[in-house]
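# Summary of structural features
As a plain string of letters, each chain reads:
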Amino acid sequence: MEIKFKTLVAPEIKRGCLMGNMFNALGSLWKGMKITIYYLTHPSTVVTQQYPENRETLKMMDRFRAQLTMAHDENGHHTCTACGICDQNCPNGSINVVDRKNPITGKKELDRYIWRMDSCTFCNICVQVCPFGTLEMKGNFEASVYDRRLFVYTLNKYAGPDQKNLLKIENLDDRKKQMESRDIFGGPVPLSGQSIAGLEAGVFDQLRKTEEAATNG
Amino acid sequence: MPGPGFWPNEQVIGEIDMNWEIKTVAMFASEALREGYLGAAGYIILGVVAIAGFLAVLGMVLIYAERKVAGHFQCRLGPMRVGWHGVLQTVADTIKLFLKEDIVPFQADKVLHILAPLFTLLGTLLVLAVVPFSPGMQVADVNIGVVYVTAVGGFGVLGILLGGWSSNNKWSLVGAMRAGAQIISYEVSATLALLVVVLFSGSLKLSDIILSQEQGWWIWRAPVVGLVGFVIFFIASTAEINRTPFDLPEGESELTAGFHTEYSGMRFAFFFLAEFINMFIISAIAATLYLGGWMPFHIGGLDGFNAVMDLLPPGAWFAGKTSFLIFVLMWFRWTFPRLRVDQLMRLEWKILLPIGFVNLIAAAFMVMFGWYYGN
(Lines give C-alpha, C1' and ligand atoms only; values in the text may rest on other atoms or scores of the structure.)
Protein backbone atom coordinates (compact mmCIF):
# COMPACT_ATOMS: atom_id res chain seq x y z
CA MET A 1 0.00 0.00 0.00
CA GLU A 2 1.21 3.38 -0.90
CA ILE A 3 1.32 5.93 1.84
CA LYS A 4 0.42 9.40 0.78
CA PHE A 5 2.15 12.18 2.59
CA LYS A 6 0.51 15.50 2.90
CA THR A 7 2.82 18.30 1.93
CA LEU A 8 2.94 20.99 4.55
CA VAL A 9 4.03 24.44 3.56
CA ALA A 10 5.45 26.55 6.29
CA PRO A 11 3.62 29.85 6.53
CA GLU A 12 5.61 32.68 5.12
CA ILE A 13 6.75 35.09 7.80
CA LYS A 14 5.89 38.55 6.67
CA ARG A 15 8.64 41.00 7.30
CA GLY A 16 7.87 44.67 6.99
CA CYS A 17 10.30 47.22 5.72
CA LEU A 18 13.07 48.44 8.03
CA MET A 19 11.36 51.70 8.98
CA GLY A 20 7.99 49.97 9.44
CA ASN A 21 9.50 47.39 11.76
CA MET A 22 11.32 50.08 13.67
CA PHE A 23 8.22 52.18 14.27
CA ASN A 24 6.26 49.04 15.16
CA ALA A 25 8.91 48.11 17.70
CA LEU A 26 9.00 51.61 19.17
CA GLY A 27 5.21 51.65 19.35
CA SER A 28 5.02 48.37 21.20
CA LEU A 29 7.80 49.41 23.58
CA TRP A 30 5.89 52.63 24.31
CA LYS A 31 2.77 50.57 25.00
CA GLY A 32 4.64 48.64 27.69
CA MET A 33 6.11 51.81 29.14
CA LYS A 34 2.65 53.34 29.39
CA ILE A 35 1.48 50.40 31.49
CA THR A 36 4.43 50.54 33.89
CA ILE A 37 4.19 54.31 34.33
CA TYR A 38 0.50 53.87 35.08
CA TYR A 39 1.41 51.48 37.89
CA LEU A 40 4.06 53.86 39.19
CA THR A 41 1.77 56.88 39.27
CA HIS A 42 -1.18 55.03 40.78
CA PRO A 43 -0.23 53.71 44.23
CA SER A 44 -3.70 52.15 44.49
CA THR A 45 -2.49 49.41 42.13
CA VAL A 46 -0.03 48.15 44.77
CA VAL A 47 -1.03 44.68 45.89
CA THR A 48 1.56 44.21 48.67
CA GLN A 49 0.10 43.97 52.17
CA GLN A 50 2.03 45.29 55.16
CA TYR A 51 0.91 42.24 57.09
CA PRO A 52 1.72 42.40 60.77
CA GLU A 53 0.93 46.13 60.87
CA ASN A 54 -2.40 45.96 59.09
CA ARG A 55 -3.52 42.78 60.81
CA GLU A 56 -6.68 44.48 62.09
CA THR A 57 -7.81 45.74 58.69
CA LEU A 58 -6.43 42.96 56.51
CA LYS A 59 -9.10 41.50 54.25
CA MET A 60 -8.30 38.23 52.60
CA MET A 61 -9.52 37.44 49.13
CA ASP A 62 -12.78 35.48 48.94
CA ARG A 63 -11.11 32.70 47.00
CA PHE A 64 -8.28 32.25 49.49
CA ARG A 65 -8.36 28.74 50.97
CA ALA A 66 -6.84 28.44 54.41
CA GLN A 67 -9.40 26.87 56.73
CA LEU A 68 -12.30 24.50 56.19
CA THR A 69 -15.39 25.56 58.10
CA MET A 70 -18.94 24.40 58.41
CA ALA A 71 -21.58 27.05 57.87
CA HIS A 72 -24.02 27.53 60.74
CA ASP A 73 -27.07 29.74 60.31
CA GLU A 74 -28.30 32.37 62.80
CA ASN A 75 -30.00 29.69 64.94
CA GLY A 76 -26.79 27.71 65.04
CA HIS A 77 -28.07 25.01 62.67
CA HIS A 78 -25.90 23.40 60.02
CA THR A 79 -27.08 21.59 56.89
CA CYS A 80 -24.85 18.52 57.16
CA THR A 81 -26.74 15.22 56.82
CA ALA A 82 -23.64 13.07 57.42
CA CYS A 83 -23.92 11.64 53.92
CA GLY A 84 -20.13 11.25 53.84
CA ILE A 85 -19.54 12.27 50.20
CA CYS A 86 -16.79 14.65 51.29
CA ASP A 87 -15.23 11.89 53.36
CA GLN A 88 -15.14 9.56 50.34
CA ASN A 89 -13.79 12.24 48.02
CA CYS A 90 -11.05 13.56 50.23
CA PRO A 91 -7.81 12.58 48.43
CA ASN A 92 -5.76 12.12 51.57
CA GLY A 93 -8.29 11.14 54.18
CA SER A 94 -8.26 14.42 56.05
CA ILE A 95 -11.99 14.31 56.62
CA ASN A 96 -13.76 11.87 58.86
CA VAL A 97 -17.53 12.07 59.12
CA VAL A 98 -18.78 10.25 62.19
CA ASP A 99 -22.53 9.59 62.14
CA ARG A 100 -24.93 8.13 64.68
CA LYS A 101 -28.56 7.20 65.00
CA ASN A 102 -30.84 9.79 66.50
CA PRO A 103 -31.99 8.36 69.86
CA ILE A 104 -35.61 9.50 69.30
CA THR A 105 -36.30 9.24 65.58
CA GLY A 106 -33.66 6.63 64.76
CA LYS A 107 -32.54 8.58 61.70
CA LYS A 108 -28.90 8.97 60.69
CA GLU A 109 -27.41 12.26 61.81
CA LEU A 110 -24.02 13.92 62.22
CA ASP A 111 -22.14 13.15 65.40
CA ARG A 112 -18.76 14.64 64.72
CA TYR A 113 -17.24 16.21 61.60
CA ILE A 114 -13.48 15.78 61.97
CA TRP A 115 -11.08 17.71 59.76
CA ARG A 116 -7.33 17.23 60.05
CA MET A 117 -5.63 20.42 58.95
CA ASP A 118 -2.16 18.89 59.18
CA SER A 119 -2.79 16.55 56.25
CA CYS A 120 -5.19 18.75 54.29
CA THR A 121 -3.95 20.12 50.96
CA PHE A 122 -6.77 22.66 50.62
CA CYS A 123 -7.80 21.19 47.27
CA ASN A 124 -11.40 22.34 47.84
CA ILE A 125 -12.91 19.08 46.56
CA CYS A 126 -14.97 18.59 49.73
CA VAL A 127 -16.58 22.00 49.26
CA GLN A 128 -17.34 21.28 45.64
CA VAL A 129 -18.87 17.84 46.14
CA CYS A 130 -21.08 18.77 49.11
CA PRO A 131 -24.70 18.58 47.84
CA PHE A 132 -25.99 20.78 50.67
CA GLY A 133 -23.50 23.64 50.56
CA THR A 134 -22.51 22.93 54.14
CA LEU A 135 -18.76 23.39 53.82
CA GLU A 136 -16.91 26.60 53.24
CA MET A 137 -13.25 27.59 52.83
CA LYS A 138 -12.32 30.61 54.91
CA GLY A 139 -9.30 32.88 54.60
CA ASN A 140 -7.99 32.60 58.18
CA PHE A 141 -4.37 31.82 57.33
CA GLU A 142 -2.81 32.24 60.78
CA ALA A 143 -2.74 28.53 61.45
CA SER A 144 0.39 28.07 63.53
CA VAL A 145 -0.17 26.42 66.90
CA TYR A 146 2.02 25.06 69.66
CA ASP A 147 0.80 21.51 69.51
CA ARG A 148 0.05 19.23 66.64
CA ARG A 149 -3.10 17.97 68.32
CA LEU A 150 -4.61 21.39 67.75
CA PHE A 151 -4.71 20.68 64.03
CA VAL A 152 -7.56 18.22 64.50
CA TYR A 153 -10.76 20.22 64.31
CA THR A 154 -14.33 19.29 64.97
CA LEU A 155 -16.22 21.48 62.56
CA ASN A 156 -19.80 20.99 63.71
CA LYS A 157 -20.92 22.85 66.83
CA TYR A 158 -23.54 20.32 67.76
CA ALA A 159 -24.33 16.68 67.14
CA GLY A 160 -27.85 16.25 65.90
CA PRO A 161 -30.19 16.57 62.93
CA ASP A 162 -29.52 19.04 60.15
CA GLN A 163 -31.30 22.36 59.67
CA LYS A 164 -34.14 20.89 57.60
CA ASN A 165 -35.09 18.29 60.18
CA LEU A 166 -34.60 20.66 63.13
CA LEU A 167 -36.97 23.23 61.64
CA LYS A 168 -39.71 20.58 61.54
CA ILE A 169 -39.70 20.62 65.33
CA GLU A 170 -42.00 23.45 66.42
CA ASN A 171 -41.03 23.71 70.06
CA LEU A 172 -37.78 25.59 70.60
CA ASP A 173 -36.89 23.69 73.75
CA ASP A 174 -37.36 20.37 71.98
CA ARG A 175 -35.12 21.64 69.23
CA LYS A 176 -32.43 22.53 71.78
CA LYS A 177 -32.62 19.08 73.26
CA GLN A 178 -31.80 17.52 69.89
CA MET A 179 -28.58 19.58 69.64
CA GLU A 180 -25.76 18.06 71.67
CA SER A 181 -22.88 20.52 71.96
CA ARG A 182 -19.51 19.68 70.36
CA ASP A 183 -16.21 21.39 71.13
CA ILE A 184 -13.89 22.53 68.32
CA PHE A 185 -10.90 20.72 69.85
CA GLY A 186 -12.87 17.87 71.37
CA GLY A 187 -12.13 15.37 68.63
CA PRO A 188 -10.41 11.96 68.68
CA VAL A 189 -7.30 13.49 70.25
CA PRO A 190 -9.16 15.11 73.11
CA LEU A 191 -7.84 18.24 74.70
CA SER A 192 -10.86 19.28 76.68
CA GLY A 193 -9.69 20.54 80.00
CA GLN A 194 -6.09 19.44 79.44
CA SER A 195 -3.17 21.78 79.21
CA ILE A 196 -0.29 21.35 76.82
CA ALA A 197 3.30 21.30 78.03
CA GLY A 198 4.90 24.70 77.63
CA LEU A 199 1.55 26.37 77.06
CA GLU A 200 -0.50 27.95 79.77
CA ALA A 201 -4.16 27.14 80.03
CA GLY A 202 -5.16 30.78 79.52
CA VAL A 203 -3.33 30.92 76.21
CA PHE A 204 -5.12 27.79 75.12
CA ASP A 205 -8.51 29.29 75.95
CA GLN A 206 -7.54 32.38 74.02
CA LEU A 207 -6.60 30.21 71.04
CA ARG A 208 -9.89 28.37 71.22
CA LYS A 209 -11.71 31.70 71.25
CA THR A 210 -9.90 33.10 68.20
CA GLU A 211 -10.38 29.81 66.41
CA GLU A 212 -14.08 29.89 67.08
CA ALA A 213 -14.31 33.54 66.10
CA ALA A 214 -12.59 32.73 62.82
CA THR A 215 -14.97 29.86 62.19
CA ASN A 216 -17.98 32.05 62.82
CA GLY A 217 -16.79 35.05 60.89
CA MET B 1 38.43 76.08 4.31
CA PRO B 2 37.36 77.15 7.81
CA GLY B 3 38.08 80.81 8.21
CA PRO B 4 37.35 82.95 11.24
CA GLY B 5 33.80 82.44 12.40
CA PHE B 6 33.40 79.11 10.64
CA TRP B 7 32.91 77.18 13.83
CA PRO B 8 29.63 78.11 15.42
CA ASN B 9 31.28 78.14 18.79
CA GLU B 10 33.27 81.25 18.01
CA GLN B 11 30.23 83.14 16.80
CA VAL B 12 28.04 82.11 19.68
CA ILE B 13 30.55 82.84 22.39
CA GLY B 14 31.28 86.19 20.77
CA GLU B 15 27.67 87.30 21.13
CA ILE B 16 26.87 86.39 24.68
CA ASP B 17 28.23 87.78 27.89
CA MET B 18 30.46 85.20 29.50
CA ASN B 19 28.93 85.18 32.95
CA TRP B 20 29.67 81.51 33.52
CA GLU B 21 33.02 81.20 35.20
CA ILE B 22 34.32 77.65 35.08
CA LYS B 23 36.28 76.69 38.15
CA THR B 24 37.61 73.23 38.77
CA VAL B 25 39.52 71.61 41.59
CA ALA B 26 42.36 70.95 39.14
CA MET B 27 42.61 74.70 38.42
CA PHE B 28 42.84 75.49 42.12
CA ALA B 29 45.49 72.82 42.48
CA SER B 30 47.59 74.24 39.63
CA GLU B 31 47.32 77.73 41.13
CA ALA B 32 48.35 76.41 44.51
CA LEU B 33 51.29 74.66 42.90
CA ARG B 34 52.98 78.08 42.48
CA GLU B 35 53.01 78.46 46.24
CA GLY B 36 54.19 74.95 47.01
CA TYR B 37 53.48 71.29 46.75
CA LEU B 38 51.52 71.08 49.97
CA GLY B 39 48.56 73.20 48.85
CA ALA B 40 48.34 71.39 45.52
CA ALA B 41 48.38 68.04 47.28
CA GLY B 42 45.61 69.32 49.55
CA TYR B 43 43.42 70.17 46.59
CA ILE B 44 44.12 66.83 44.93
CA ILE B 45 43.17 64.97 48.09
CA LEU B 46 40.04 67.12 48.33
CA GLY B 47 39.07 66.11 44.80
CA VAL B 48 39.71 62.42 45.42
CA VAL B 49 37.84 62.39 48.71
CA ALA B 50 34.94 64.34 47.22
CA ILE B 51 34.61 61.89 44.36
CA ALA B 52 34.93 58.83 46.57
CA GLY B 53 32.34 60.19 49.00
CA PHE B 54 30.03 61.16 46.18
CA LEU B 55 30.43 57.68 44.69
CA ALA B 56 29.47 55.94 47.93
CA VAL B 57 26.52 58.18 48.76
CA LEU B 58 25.20 58.27 45.20
CA GLY B 59 25.46 54.49 44.98
CA MET B 60 23.32 54.01 48.07
CA VAL B 61 20.77 56.60 46.96
CA LEU B 62 20.51 55.13 43.47
CA ILE B 63 20.10 51.58 44.73
CA TYR B 64 17.34 52.68 47.09
CA ALA B 65 15.66 54.70 44.34
CA GLU B 66 15.90 51.82 41.91
CA ARG B 67 14.35 49.36 44.34
CA LYS B 68 11.58 51.75 45.26
CA VAL B 69 10.79 52.68 41.65
CA ALA B 70 11.03 49.05 40.55
CA GLY B 71 8.60 48.06 43.26
CA HIS B 72 5.99 50.55 42.19
CA PHE B 73 6.47 49.69 38.53
CA GLN B 74 5.52 46.13 39.44
CA CYS B 75 2.62 46.88 41.81
CA ARG B 76 4.86 46.29 44.83
CA LEU B 77 6.10 48.64 47.52
CA GLY B 78 9.82 47.99 47.52
CA PRO B 79 11.77 48.17 50.79
CA MET B 80 9.49 49.21 53.65
CA ARG B 81 10.99 47.80 56.85
CA VAL B 82 14.36 49.40 57.66
CA GLY B 83 13.69 52.99 58.63
CA TRP B 84 10.89 55.16 57.30
CA HIS B 85 9.73 53.54 54.06
CA GLY B 86 12.96 51.56 54.03
CA VAL B 87 15.32 54.51 53.61
CA LEU B 88 17.99 52.77 55.66
CA GLN B 89 17.73 49.54 53.68
CA THR B 90 20.76 50.28 51.51
CA VAL B 91 22.77 51.32 54.56
CA ALA B 92 22.01 47.96 56.14
CA ASP B 93 22.86 46.18 52.88
CA THR B 94 26.16 48.03 52.64
CA ILE B 95 27.12 47.05 56.16
CA LYS B 96 26.19 43.46 55.39
CA LEU B 97 28.30 43.44 52.21
CA PHE B 98 31.27 44.91 54.11
CA LEU B 99 31.11 42.19 56.72
CA LYS B 100 30.55 39.25 54.41
CA GLU B 101 33.28 36.77 53.63
CA ASP B 102 35.22 37.49 50.47
CA ILE B 103 35.40 34.12 48.72
CA VAL B 104 37.95 33.35 46.03
CA PRO B 105 37.01 30.13 44.27
CA PHE B 106 39.33 27.12 44.27
CA GLN B 107 41.65 27.11 41.23
CA ALA B 108 40.68 30.67 40.34
CA ASP B 109 43.32 33.12 39.15
CA LYS B 110 43.60 34.78 42.53
CA VAL B 111 45.37 38.02 41.60
CA LEU B 112 43.11 38.78 38.64
CA HIS B 113 40.05 37.77 40.61
CA ILE B 114 40.88 40.31 43.29
CA LEU B 115 41.91 43.01 40.79
CA ALA B 116 38.90 42.78 38.48
CA PRO B 117 36.32 44.66 40.55
CA LEU B 118 38.88 47.35 41.25
CA PHE B 119 39.36 47.89 37.52
CA THR B 120 35.63 48.23 37.02
CA LEU B 121 35.33 50.73 39.82
CA LEU B 122 38.41 52.59 38.59
CA GLY B 123 36.83 53.19 35.19
CA THR B 124 33.78 54.63 36.89
CA LEU B 125 35.80 56.81 39.26
CA LEU B 126 37.93 58.25 36.47
CA VAL B 127 34.93 59.29 34.40
CA LEU B 128 33.33 60.85 37.45
CA ALA B 129 36.32 63.19 37.69
CA VAL B 130 35.35 65.11 34.54
CA VAL B 131 31.59 65.23 34.99
CA PRO B 132 30.62 68.94 35.13
CA PHE B 133 28.13 69.26 37.98
CA SER B 134 27.92 73.04 37.83
CA PRO B 135 30.24 75.90 36.77
CA GLY B 136 32.14 75.81 40.05
CA MET B 137 31.84 72.08 40.72
CA GLN B 138 34.04 69.89 38.62
CA VAL B 139 37.18 68.07 39.57
CA ALA B 140 39.04 68.36 36.28
CA ASP B 141 38.10 69.96 32.98
CA VAL B 142 40.13 67.96 30.46
CA ASN B 143 40.50 69.59 27.06
CA ILE B 144 39.80 66.26 25.35
CA GLY B 145 36.91 65.52 27.71
CA VAL B 146 34.75 63.55 25.27
CA VAL B 147 37.64 61.34 24.14
CA TYR B 148 38.63 60.83 27.77
CA VAL B 149 35.13 59.76 28.75
CA THR B 150 34.94 57.25 25.91
CA ALA B 151 38.42 55.88 26.52
CA VAL B 152 38.29 55.57 30.29
CA GLY B 153 34.78 54.13 30.18
CA GLY B 154 36.33 51.07 28.53
CA PHE B 155 38.12 50.25 31.80
CA GLY B 156 34.85 48.95 33.16
CA VAL B 157 34.62 46.17 30.63
CA LEU B 158 38.25 45.26 31.23
CA GLY B 159 37.33 44.52 34.83
CA ILE B 160 34.34 42.48 33.70
CA LEU B 161 36.46 40.45 31.26
CA LEU B 162 39.13 39.81 33.90
CA GLY B 163 36.54 38.87 36.48
CA GLY B 164 34.83 36.45 34.13
CA TRP B 165 38.09 34.88 33.01
CA SER B 166 39.68 34.55 36.42
CA SER B 167 36.62 33.05 38.10
CA ASN B 168 37.25 29.70 36.40
CA ASN B 169 33.55 29.29 35.83
CA LYS B 170 31.84 28.79 32.49
CA TRP B 171 28.96 31.10 33.29
CA SER B 172 31.31 33.87 34.30
CA LEU B 173 33.32 33.41 31.13
CA VAL B 174 30.27 33.43 28.85
CA GLY B 175 28.97 36.53 30.60
CA ALA B 176 32.30 38.30 30.34
CA MET B 177 32.67 37.47 26.64
CA ARG B 178 29.19 38.76 26.02
CA ALA B 179 30.11 41.99 27.78
CA GLY B 180 33.19 42.30 25.59
CA ALA B 181 31.24 41.72 22.38
CA GLN B 182 28.60 44.15 23.51
CA ILE B 183 30.92 47.03 24.32
CA ILE B 184 32.92 46.57 21.10
CA SER B 185 29.71 46.83 19.11
CA TYR B 186 27.93 49.60 20.92
CA GLU B 187 30.95 51.80 21.56
CA VAL B 188 30.91 52.54 17.81
CA SER B 189 27.39 53.90 17.81
CA ALA B 190 27.88 55.82 21.03
CA THR B 191 31.00 57.48 19.66
CA LEU B 192 29.30 58.36 16.36
CA ALA B 193 26.52 60.01 18.33
CA LEU B 194 29.06 61.88 20.49
CA LEU B 195 30.74 63.21 17.37
CA VAL B 196 27.53 64.94 16.29
CA VAL B 197 27.70 67.20 19.31
CA VAL B 198 31.43 67.65 18.92
CA LEU B 199 30.79 68.85 15.35
CA PHE B 200 28.15 71.32 16.44
CA SER B 201 29.98 72.73 19.41
CA GLY B 202 33.42 72.59 17.80
CA SER B 203 35.12 71.41 20.96
CA LEU B 204 35.98 68.24 22.83
CA LYS B 205 36.06 70.00 26.16
CA LEU B 206 32.95 69.28 28.23
CA SER B 207 32.70 72.83 29.62
CA ASP B 208 32.96 74.29 26.11
CA ILE B 209 30.24 71.94 24.91
CA ILE B 210 28.00 73.20 27.70
CA LEU B 211 28.82 76.83 27.00
CA SER B 212 27.99 76.30 23.32
CA GLN B 213 24.44 75.45 24.40
CA GLU B 214 23.79 78.86 25.90
CA GLN B 215 21.39 79.64 23.03
CA GLY B 216 19.61 76.31 23.42
CA TRP B 217 20.25 72.66 23.89
CA TRP B 218 21.63 70.67 20.97
CA ILE B 219 18.77 68.18 21.13
CA TRP B 220 16.43 70.79 19.64
CA ARG B 221 18.79 73.39 18.23
CA ALA B 222 20.07 70.87 15.72
CA PRO B 223 16.74 69.82 14.21
CA VAL B 224 16.16 66.03 13.96
CA VAL B 225 19.89 65.32 13.96
CA GLY B 226 20.17 66.23 17.63
CA LEU B 227 17.22 64.09 18.64
CA VAL B 228 18.38 61.10 16.60
CA GLY B 229 21.89 61.46 18.02
CA PHE B 230 20.53 61.64 21.54
CA VAL B 231 18.39 58.52 21.11
CA ILE B 232 21.27 56.56 19.56
CA PHE B 233 23.66 57.68 22.29
CA PHE B 234 21.17 56.76 25.00
CA ILE B 235 20.47 53.30 23.60
CA ALA B 236 24.13 52.54 22.91
CA SER B 237 25.21 53.74 26.36
CA THR B 238 22.54 51.60 28.01
CA ALA B 239 24.04 48.63 26.19
CA GLU B 240 27.56 49.67 27.17
CA ILE B 241 26.81 49.68 30.87
CA ASN B 242 25.04 46.31 30.55
CA ARG B 243 21.69 47.48 31.79
CA THR B 244 18.41 45.84 30.98
CA PRO B 245 17.24 45.34 28.20
CA PHE B 246 20.90 44.72 27.31
CA ASP B 247 21.93 42.89 30.48
CA LEU B 248 23.15 39.78 28.67
CA PRO B 249 26.46 39.61 30.59
CA GLU B 250 24.46 39.11 33.78
CA GLY B 251 21.49 37.27 32.34
CA GLU B 252 20.12 35.82 35.59
CA SER B 253 17.91 33.32 33.82
CA GLU B 254 20.70 31.83 31.71
CA LEU B 255 24.00 32.56 33.44
CA THR B 256 23.10 32.65 37.15
CA ALA B 257 24.74 36.05 37.58
CA GLY B 258 27.11 36.18 34.61
CA PHE B 259 30.53 37.64 35.24
CA HIS B 260 29.99 38.15 38.97
CA THR B 261 28.69 34.66 39.72
CA GLU B 262 31.75 33.86 41.84
CA TYR B 263 31.99 37.18 43.64
CA SER B 264 30.73 37.86 47.11
CA GLY B 265 30.93 40.48 49.80
CA MET B 266 32.96 43.61 49.09
CA ARG B 267 34.06 42.66 45.60
CA PHE B 268 30.55 41.97 44.51
CA ALA B 269 29.61 45.32 46.02
CA PHE B 270 32.25 47.00 43.84
CA PHE B 271 30.72 45.54 40.68
CA PHE B 272 27.28 46.48 41.88
CA LEU B 273 28.31 50.02 42.80
CA ALA B 274 30.08 50.53 39.48
CA GLU B 275 26.97 49.41 37.65
CA PHE B 276 24.81 51.97 39.39
CA ILE B 277 27.31 54.81 39.15
CA ASN B 278 27.70 54.05 35.44
CA MET B 279 23.99 54.65 35.14
CA PHE B 280 24.52 58.09 36.65
CA ILE B 281 27.50 58.73 34.40
CA ILE B 282 25.77 57.99 31.12
CA SER B 283 22.82 60.09 32.22
CA ALA B 284 25.16 62.92 33.15
CA ILE B 285 27.11 62.69 29.89
CA ALA B 286 23.94 62.50 27.79
CA ALA B 287 22.58 65.50 29.68
CA THR B 288 25.84 67.39 29.20
CA LEU B 289 26.07 66.74 25.49
CA TYR B 290 22.47 67.03 24.38
CA LEU B 291 20.50 68.69 27.18
CA GLY B 292 22.94 71.43 28.08
CA GLY B 293 24.40 69.96 31.27
CA TRP B 294 24.12 72.59 34.00
CA MET B 295 23.05 75.21 31.45
CA PRO B 296 19.52 76.47 32.19
CA PHE B 297 16.92 76.16 29.45
CA HIS B 298 17.68 79.08 27.16
CA ILE B 299 16.13 80.11 23.88
CA GLY B 300 18.40 82.37 21.89
CA GLY B 301 17.01 85.92 21.66
CA LEU B 302 14.40 85.68 24.41
CA ASP B 303 16.31 87.51 27.13
CA GLY B 304 13.38 87.80 29.55
CA PHE B 305 12.64 84.09 29.34
CA ASN B 306 16.31 83.26 29.75
CA ALA B 307 16.54 85.47 32.84
CA VAL B 308 13.61 83.62 34.41
CA MET B 309 15.30 80.32 33.67
CA ASP B 310 18.52 81.55 35.28
CA LEU B 311 16.71 81.85 38.62
CA LEU B 312 17.34 78.16 39.22
CA PRO B 313 21.01 77.50 39.97
CA PRO B 314 22.96 75.51 37.36
CA GLY B 315 23.52 72.65 39.81
CA ALA B 316 19.77 72.16 40.13
CA TRP B 317 19.41 72.07 36.35
CA PHE B 318 22.11 69.43 36.12
CA ALA B 319 20.56 67.37 38.91
CA GLY B 320 17.11 67.63 37.35
CA LYS B 321 18.19 66.57 33.88
CA THR B 322 20.37 63.75 35.15
CA SER B 323 17.73 62.38 37.50
CA PHE B 324 15.17 62.49 34.72
CA LEU B 325 17.44 60.43 32.47
CA ILE B 326 18.18 58.02 35.33
CA PHE B 327 14.46 57.63 35.85
CA VAL B 328 14.01 56.86 32.14
CA LEU B 329 16.74 54.20 32.42
CA MET B 330 14.92 52.63 35.37
CA TRP B 331 11.69 52.84 33.43
CA PHE B 332 13.35 50.94 30.56
CA ARG B 333 14.77 48.36 32.88
CA TRP B 334 11.49 47.45 34.53
CA THR B 335 9.49 47.44 31.31
CA PHE B 336 11.52 45.87 28.53
CA PRO B 337 12.39 42.20 28.10
CA ARG B 338 16.01 41.20 27.57
CA LEU B 339 17.28 40.93 23.99
CA ARG B 340 18.70 37.74 22.54
CA VAL B 341 22.37 37.83 21.53
CA ASP B 342 21.60 37.86 17.80
CA GLN B 343 18.98 40.57 18.28
CA LEU B 344 21.51 42.62 20.20
CA MET B 345 24.03 42.41 17.37
CA ARG B 346 21.38 43.03 14.73
CA LEU B 347 20.18 46.15 16.52
CA GLU B 348 23.68 47.57 16.58
CA TRP B 349 25.18 46.66 13.23
CA LYS B 350 22.08 46.78 11.07
CA ILE B 351 20.06 49.57 12.64
CA LEU B 352 21.93 51.89 14.99
CA LEU B 353 25.21 52.02 13.09
CA PRO B 354 23.79 52.96 9.64
CA ILE B 355 21.48 55.52 11.19
CA GLY B 356 24.38 56.87 13.22
CA PHE B 357 26.55 57.28 10.12
CA VAL B 358 23.81 59.03 8.14
CA ASN B 359 23.14 61.21 11.14
CA LEU B 360 26.79 62.18 11.45
CA ILE B 361 27.07 63.08 7.76
CA ALA B 362 23.85 65.08 7.95
CA ALA B 363 25.22 66.86 11.01
CA ALA B 364 28.43 67.70 9.15
CA PHE B 365 26.45 69.29 6.32
CA MET B 366 24.26 71.18 8.75
CA VAL B 367 27.29 72.60 10.52
CA MET B 368 28.91 73.56 7.22
CA PHE B 369 25.86 75.42 5.94
CA GLY B 370 24.73 76.62 9.34
CA TRP B 371 21.30 74.98 9.22
CA TYR B 372 20.46 75.08 12.87
CA TYR B 373 18.72 77.38 15.31
CA GLY B 374 20.55 80.27 16.77
CA ASN B 375 23.10 80.49 14.01
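These figures come from a predicted structure and were not determined experimentally. (Residues numbered from 1 in each chain as written. Chains lettered and ligands numbered in written order. Predicted model: local features only at pLDDT ≥ 70, side-chain atom pairs only at ≥ 80, totals over all residues.)

At the interface, 13 residues of chain A touch twelve residues of chain B. Looking at the side of chain A that touches chain B residue by residue, the class counts come to eight nonpolar, five polar and no charged. (Contact = placed C-beta atoms within 7 Å. Nonpolar A, V, L, I, M, F, W, Y, C, P; charged D, E, K, R; others polar.)

One broad rule of soluble globular proteins: the nonpolar side chains tend to lie buried together. Among the nonpolar cores identified, the biggest contains 94 residues, and V197(B), F233(B), A236(B), I281(B), A286(B), Y290(B) and A363(B) are the most heavily contacted of them. The biggest single contributor to this core is helix α13 (residues 265-290) of chain B, with 17 residues. Excluding its chain neighbours within four sequence positions, the residues that come into contact with V197(B) are I209(B), W218(B), G229(B), L289(B) and Y290(B). If you look at the next biggest cluster of nonpolar residues, it comprises 18 residues, including C80(A), C90(A), L135(A) and L155(A). (Core = buried A, V, L, I, M, F, W, Y, C linked by C-beta atoms within 7 Å. Buried ≥ 20, exposed ≤ 12 C-beta atoms within 10 Å, placed from the backbone. Helix = DSSP H or I, 4+ residues; strand = E, 2+ residues; numbered from the N terminus.)

Below, the discussion takes up the sheet that holds strand β2 (residues 95-101) of chain A. Residues and elements named next belong to chain A. The strand order across the open sheet formed by three strands is β2-β3-β5, and the pairing between neighbours is antiparallel. Unpaired on one side and paired on the other, β2 and β5 (152-154) mark the two borders of the sheet. Direction aside, the axes of adjacent strands within the sheet are offset by 25° on average. Pairing geometry for strand β3 (residues 108-116) and β5, over three bridges, is antiparallel. Among the inter-strand pairings, R116 is bridged to a residue of β5, identified as V152. (Pairing = 2+ DSSP bridges. Axes fitted to C-alpha atoms, helices over the stretch in contact; angles between N-to-C directions.)

Turning our attention to helix α6 (residues 145-153) of chain B. The periodicity of an α-helix, 3.6 residues per turn, causes residues three or four positions apart to be oriented the same way. Residues and elements named next belong to chain B. Turning to α6, its buried residues are G145, V146, V149 and G153. All buried residues of α6 lie within an arc of 105° about the axis, which places them on one face of the element. On its buried side, α6 packs onto α5 (110-128), α7 (155-166), α8 (170-201), α9 (206-211), α11 (225-240) and α13. (Arc of directions from axis to C-beta.)

Turning to unusual backbone geometry, a few remarks are in order. All names here are of chain B. In this chain, T244 is followed by P245 through a cis amide linkage whose omega measures 5°. Looking at the secondary structure, you find P245 in the loop between α11 and α12 (252-255). Its identity is not glycine, yet C75 carries a phi of approximately 60°, on the positive side. Residue C75 is classed as partly exposed on the basis of its C-beta count, with 16 C-beta atoms lying within 10 Å. Despite not being glycine, N168 has its phi angle at roughly 60°, a positive value.

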